[in-house]
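# Residue-level structure breakdown
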Amino acid sequence: VSVGGGDEVEGQILEWRAYVHRREELHTADAEELEDHLRNRITELTQAGLRPDEAFLIAVKRMGSLDDVSREFAREHSERLWKQLVLPAEPDSAAALRSRREFWVMVLCAVVAALAIKVPGWFGRDIVGDDAAFYARNLSLFVLPALAAYFAWQRRIGVRVIGVLALLFVLGAVAANAYPMRDDSQTLVLTAIHLPLALWLVVGAAYVGGEWRSERRRMDFIRFTGEWLIYFVLLGLGGGVLMAITVGTFNAIGVHAEDVVASWVLPCGAMGGVIVAAWLVEAKQSVIENMAPVLTRIFTPLFATALVAFLVAIVWTSNGIDVERDALILFDLLLVIVLGLLLYAISARDPATPPGLFDRTQLALVVTALIIDLLVLVAIAGRIAEFGFTANKSAALGENVILLVNLAGSAWFLLGFLRGRLPFARLERWQTRYLLVYAVWAWSVVLAFPLVFDFA
Amino acid sequence: MHITKDLVAASATPLVLGLLAEGESYGYAILKQVNELSGGQLEWTDGLLYPLLHRLERVGHVESAWEVPPGGRRRKYYRITDQGRAELAEQRRQWAAVVDALRGVWTTTLSVKPITVPVWTAGL
């Protein structure tokens, strides 16, 4: 059909078409259908006596705002996955207002956290110098209160719950700083590791809006933790590239930016990143939900294979596990990763789906981890029998027992689920209830260990 | 006269199905027919007709095919299915009930005088 208006309108239609193409909601066929419509409208209007360019303007106007049209298309074709990324918010709706406000509160919390880590510096605590121990034990205290405050605001938590949360943060701060631990003592290192865990669970209480009894909300928090970790690592990678390039380019013009980067960009960026990652999890929830299950599905079989290979190697060479301290920490880390994979897979799983190959792989992973954990426990027990209890060995023993019990329970419930005897929800409940064990353990390491081991 | 968005949205499905029941058609022609039938009073945003057509296709009320009319551009034609006809009949029953009820209301209220402005708003 000739538009009857020369090349100028053809050019305009081409431009319009290119503009439509940028909308990912609109597939090529949709764009073609809309273009056909546009051409019909232009033909009609020019036949009625309008100039082609006038007709084009009116036809485009009558098509409606592309935002509206593409939103309707996205709504209709919800299977087009990127929908969540591009669906523009309804203009002027209360939700848009709220999400804008959430954004600014998040920015405020991130700035507070980023500045908080600089405050001790103004009182002579040098972040790159001798006060590394001070920062190590207090690191989580700079950022996690701001994160908890963000959730407290967002979830509209009551005053009483806020009071409890604040009290716990104060308790953590007192334990980390009032105990006379030497900078190179084991208990200080243990505090530096366990205080973030303990406080992260306090953040969890804020995350669930004070409903810490609710198992569904606890599961949400577990899921949040996994997604937060992914976002934080992504932000960290990007930040690392940014810092490396900054230092490099400044060096090229003879300016040394290392100090600024080390004393400002890195600490402030890391603290702010914690908050931003948490906000991203909330704001872009559906994006990562598609990615994290994929990651667990890739790595669960890989880790299972690696662990089986490791066990075979132990049997083959009949070597016991080396009881060097570094090696034990490595094993603890491995078990924590296995547990993380398991937790994440559970939190992302639809409880209604029947057992499948992936669940079997998971059981294999859990059982091999269980065996390795037993071997590690034997090694630790041997060391304790030989040299007696120390803070480090007691903590390692406790952690391995906790992991052992968790993995044993998980294996039991997974097996029951695979045999069709137990619903999947039992495994979920086992994990959500276990959060309490972690909380009790982390807090007792922070509060009781320095006293029990005389700050050694 | 301006017809509100809600009314336009509610009447869109039966209108499109009704027009397609007369024979296959394409987006622009449907829009023109709606415009003519309503004497230009039902104003649709052109672009929003297509998501509606796609929805009707997804639920199975209509089916579509790309055709090339002689000497023209490729164009997507829609045609009603049996399920669509059943849906149209159902919608007709519902709309008849609504129209009947409204007619009843109009005949009782038409005898009443038009609503007068309350005194307390007179100063505004």
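Residues numbered from 1 in each chain as written. Chains lettered and ligands numbered in written order. Predicted model: local features only at pLDDT ≥ 70, side-chain atom pairs only at ≥ 80, totals over all residues. Heavy atoms only, no water.

Turning our attention to the overall build of chain B. Within chain B one finds four helices and three strands. Taken from the N to the C terminus, the helices and strands of chain B come in the order α-β-α-α-β-β-α. Of the contacts formed within chain B by residues at least 6 apart in sequence, a portion of 49% connects residues at least 24 apart. Accessible surface for chain B amounts to roughly 8000 Å². Of this, 59% is attributable to carbon and sulfur atoms. (Helix = DSSP H or I, 4+ residues; strand = E, 2+ residues; numbered from the N terminus. Contact = heavy atoms within 4.5 Å. Areas by Shrake-Rupley, 256 points an atom, 1.4 Å probe, with all protein chains shown as cover.)

Axis angle and axis distance: for two packed helices, these are the angle between their axes and the distance between the axes, and together they describe the pair. All names here are of chain A. For the pair helix α8 (residues 132–154) and helix α12 (residues 258–283), interaxial distance at closest approach is 9 Å and the crossing angle is 30°. By the angle between their axes, α8 is roughly parallel relative to α12. In this structure, the crossing between α8 and α12 has a hand that is right-handed. Residue-level inspection shows L139, F142, V143, A146, L147, Y150, F151 and Q154 of α8 in contact with α12, the latter providing M271, V274, I275, A278, W279 and E282. Looking at the contact of α8 with α12, its residues break down into twelve nonpolar, one polar and one charged. (Axes fitted to C-alpha atoms, helices over the stretch in contact; angles between N-to-C directions. Parallel < 35°, antiparallel > 145°, perpendicular 65-115°, else oblique. Left-handed = near helix turned anticlockwise from the far one by under 90°. Nonpolar A, V, L, I, M, F, W, Y, C, P; charged D, E, K, R; others polar.)

With that settled, the discussion passes to unusual backbone geometry. Residue and element names in this part refer to chain A. The phi dihedral of R156 falls on the positive side, at around 50°, and the residue is not glycine. Take R156: it is sitting in the loop between α8 and α9 (159–178). A residue is classified by how much of its surface remains accessible, and R156, at 62% relative accessible area, is exposed. (Buried < 20%, exposed > 50% of the residue type's maximum accessible area, 1.4 Å probe, protein only.)

All names here are of chain A. A cluster of nonpolar side chains, L229, V233, L234, L237, M291, V294, L295, I298, F299 and L302, forms an exposed patch at the surface whose accessible area comes to about 860 Å². Those elements giving two or more residues to the nonpolar patch turn out to be α11 (215–252) and α13 (285–317). When residues of the nonpolar patch are assigned to their parent elements, the largest contribution, six residues, is made by α13. Mapped onto the fold, L234 is located in helix α11. (Patch = residues over 30% accessible without salt bridge, like charges linked within 9 Å, V, L, I, M, F, W, Y side chains within 5 Å. Salt bridge = Lys/Arg side-chain N within 4 Å of Asp/Glu carboxyl O.)

Interface size is often expressed as the accessible area that is lost when the parts come together. The partner chain A presents 22 residues to the 23 residues of chain B that form the contact. Seen at the junction of chain B and chain A, the total is six salt bridges. Between R73 of chain B and E35 of chain A there is a salt bridge, with its nearest N and O atoms 3.2 Å apart. Among the elements of the structure, α2 (27–37), α3 (49–59) and β3 (75–80) of chain B are those that each provide at least two residues to the side of chain B that touches chain A. The element contributing the most residues to the side of chain B that touches chain A is α3 of chain B, with five residues.

By themselves, these figures tell us nothing about what the structure is for.
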